[in-house]
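Secondary and tertiary structure notes
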Amino acid sequence: KAPVGDCLSHPMSTPPSGPDVARAFLLERLKNFAVETPEIRVFWLQGSLAAGGADPFSDIDAYLGVDDPALETTWTGRSAILAGLGGALAWSDGTTPGLKVVHALMQDGVRLDLFFEPVGALAAQKRPAVKVLHDPDGLAAGLQTGWEAPAPVIGHIIGVILKMTRQGSTWPLRLLGRGHWSTLAMMELDLVNAQVAQLMAVGNEPGDFYRNSFSLGARLSVDQQVVLDDLTGEVLAALSGRDVMALKAAHLKIFDALGREGRRACLRLGVAYPIDDANEASIRALLERDWPTS
């Protein structure tokens, strides 16, 4: 049997050029590897490339169904597999216990999440969508689709996040008092483009809670994207001019957006909004009253 790195010698006639072409090149090499490695019994995609909606910059979520006895050996050889696929500029193992996955930035900037699963456990979980690329023995029939986001679990986590953001909503008062503008900039932009954006996405589709925060924008409506862009623009303008009153106006808009989108997300999840209306109004009044004027 040829070494892992030697069984991927199928260069395309034209070198990769552009993110979508580079991704197609890597997918071809992945498929060749699966076809030429007997231990890989089935190879499929999940994520946006399987469900639809991918753009030229979308990551590859690739899954290798490995013979159970060969799983550990194949996993141990993951560095050689990445090298055979063209080499990773940087890579790391996943941090979820029990999940064998490599997160890699490949040559030409393609992002690859490569999962290793034993074929004996393929039917143990439901999946959002799959796109099978190699399945000589018909094992893909064991891949169950129909995954649904666990609304009660997401609702609990969203509730905790909302309580934390409300507690932290007065941090600008301290940061301005200390003159920590860089920290304040990080906080305000995160509130808009991570917290508000995530609540918007969950209000649209609960399963988007599990998406990478960098991909949430593409899942939002045009109107929602405009809201995020407008809030971001106001924050950046206020920060660049160190205009405390403009920043106050922007922060109160963010505060209101968190409440509005938080309520919408909770309604979508079928859980109660976790913050008392009177307490929320008092926090906003505190911001209005104690915000510095210079």
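Residues numbered from 1 in each chain as written. Predicted model: local features only at pLDDT ≥ 70, side-chain atom pairs only at ≥ 80, totals over all residues. Heavy atoms only, no water.

A few words on the overall build of the protein chain. Secondary structure assignment for the protein chain yields ten helices and eight strands. Projected onto its principal axes, the C-alpha coordinates of the protein chain cover approximately 75 × 40 × 30 Å. When contacts within the protein chain are restricted to residue pairs at least 6 apart in sequence, long-range pairs at least 24 apart make up 63% of them. Total accessible area computed for the protein chain in this model is approximately 14,700 Å², and 55% of it derives from carbon and sulfur atoms. (Helix = DSSP H or I, 4+ residues; strand = E, 2+ residues; numbered from the N terminus. Contact = heavy atoms within 4.5 Å. Areas by Shrake-Rupley, 256 points an atom, 1.4 Å probe, with all protein chains shown as cover.)

Between two packed helices, both the angle of their axes relative to each other and the distance between the axes serve to describe the pair. Between helix α9 (residues 244–269) and helix α10 (residues 277–290), the shortest axis-to-axis distance is 10 Å and the interhelical angle comes to 170°. It follows from the interaxial angle that α9 and α10 lie roughly antiparallel. Here K248, H251, L252, F255, D256, G259 and R263 of α9 come into contact with α10, specifically with D277, E280, I283, R284, L287 and E288. By residue class, the composition of the contact of α9 with α10 is four nonpolar, two polar and seven charged. (Axes fitted to C-alpha atoms, helices over the stretch in contact; angles between N-to-C directions. Parallel < 35°, antiparallel > 145°, perpendicular 65-115°, else oblique. Nonpolar A, V, L, I, M, F, W, Y, C, P; charged D, E, K, R; others polar.)

Bringing the layout of surface pockets into the picture now. As a volume, the largest pocket reaches approximately 1,600 Å³. Taken together, 44 residues make up the lining of the largest pocket; nearest its centre are G47, D61, Y210, R211 and N212. With six residues, strand β5 (residues 111–118) is the largest single contributor of residues to the lining of the largest pocket. In the lining of the largest pocket, the residues fall into 16 nonpolar, 15 polar and 13 charged. (1 Å grid on protein atoms, 1.4 Å probe; cavity = no way out; pocket = protein on both sides within 12 Å on 5 of 7 lines; lining within 4 Å. Points joined across faces, edges and corners; volume = space filled by probe spheres on them.)

Next up on the list: α9. Across its 26 residues, α9 extends 36 Å between first and last C-alpha, which sits within 8% of the 38 Å expected from 1.5 Å per residue. N-cap assignment for α9: the residue whose side-chain oxygen lies 3.2 Å from the backbone N of M245 is D243. Positive backbone phi, approximately 75°, marks G270, located one or two places after α9. (Expected span 1.5 Å × (residues − 1). Polar contact = N/O pair within 3.5 Å; in protein donor to acceptor, adjacent residues only side chain to side chain.)

So, about the nonpolar core. Core analysis: the biggest nonpolar cluster contains 41 residues, and I158, L247 and I254 have the highest contact counts within it. Listed by contribution, the elements that provide at least two residues to this core are α5 (151–168), α6 (171–178), α7 (181–204), α8 (222–240) and α9. L247 has contacts with L176, W181, L184, E188, A238, L239 and W291, leaving out every residue within four places of it along the chain. By size, the runner-up hydrophobic cluster in this structure holds 27 residues, among which are I40, I81, A104 and M106. (Core = buried A, V, L, I, M, F, W, Y, C linked by side-chain atoms within 4.5 Å. Buried < 20%, exposed > 50% of the residue type's maximum accessible area, 1.4 Å probe, protein only.)

Before going further, it helps to spend a moment on the sheet that holds strand β3 (residues 88–93). If you walk across this open sheet you meet the six strands as β3-β4-β5-β2-β1-β7, and the pairing is mixed. The sheet is open, and its two edges are formed by β3 and β7 (131–134), each paired on a single side. Sheet twist, expressed as the average angle between the axes of neighbouring strands with direction ignored, equals 25°. Of the pairings in the sheet, the one linking strand β1 (residues 40–46) to β7 comprises three bridges and is antiparallel in character. Its bridge partner lying in β7, W44 is registered against V132. (Pairing = 2+ DSSP bridges.)

Turning our eyes to something else, we now look at the confidence of the model for the protein chain. Summarising the model, the protein chain shows a mean pLDDT of 92, and 94% of its residues fall at 70 or more. Across residues 1–15, confidence stays below pLDDT 50; counting only partners more than four residues off in sequence or on other chains, it has 24 contacts. (pLDDT = per-residue confidence, 0-100.)

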